[in-house]
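# Structural features, examined
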Amino acid sequence: MAYVITDACLSCGTCIDECPNEAISQGDGKYVIDPDKCIDCGSCAGVCPTEAIEEG
């Protein structure tokens, strides 16, 4: 199951460079993860300063 970014996202962009599949992009008010590209590695969740990324 793909990771998701919750409303706790501050749009800091820290997670983008960590994603090996370029599954994260700027959404409306927060970043979003494309579930078709997400490989469930958890790299993004590990670097999120607000713990806004969780398993969906």
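A brief report on the enclosed structure follows. (Residues numbered from 1 in each chain as written. Predicted model: local features only at pLDDT ≥ 70, side-chain atom pairs only at ≥ 80, totals over all residues. Heavy atoms only, no water.)

With phi around 55°, E22 is a residue other than glycine that occupies positive phi space. Structurally, the position occupied by E22 is in the loop between β1 (3-5) and β2 (24-26). Of the residues examined, E22 reaches a relative accessible area of 66% and is grouped as exposed. Although it is not a glycine, D40 sits at a positive phi angle of roughly 60°. With respect to the helices, strands and loops of the structure, D40 is situated in the loop between β3 (31-33) and α1 (43-47). A relative accessible area of 35% means that D40 is categorised as partly exposed. (Helix = DSSP H or I, 4+ residues; strand = E, 2+ residues; numbered from the N terminus. Buried < 20%, exposed > 50% of the residue type's maximum accessible area, 1.4 Å probe, protein only.)

Examined against the element boundaries, G42 turns out to sit in the loop between β3 and α1. On the accessibility criterion, G42 (16% relative accessible area) is buried. In the structure, G42 is positioned 11 residues away from I53 in sequence and 8.7 Å away in space, judged by C-alpha atoms.

What follows is about the pattern of salt bridges. The final tally for this structure, using the stated rule, is 1 salt bridge. With a closest N to O distance of 3.3 Å, K30 and D7 form a salt bridge. With a gap of 23 residues between them, K30 in the loop between β2 and β3 and D7 in the loop between β1 and β2 connect regions that are remote in the sequence. Exposure remark for D7: the relative accessible area of 70% places this residue in the exposed category. (Salt bridge = Lys/Arg side-chain N within 4 Å of Asp/Glu carboxyl O.)

Counting 15 residues, the largest nonpolar core has I5, I24, I33, C44 and I53 as its most contacted members. Mapped by element, the contributors of at least two residues to this core are β1 and β3. Leave out the neighbours within four places in its chain, and I53 touches Y3, V4, I5, C15, I33, C44, A45 and C48. (Core = buried A, V, L, I, M, F, W, Y, C linked by side-chain atoms within 4.5 Å. Contact = heavy atoms within 4.5 Å.)

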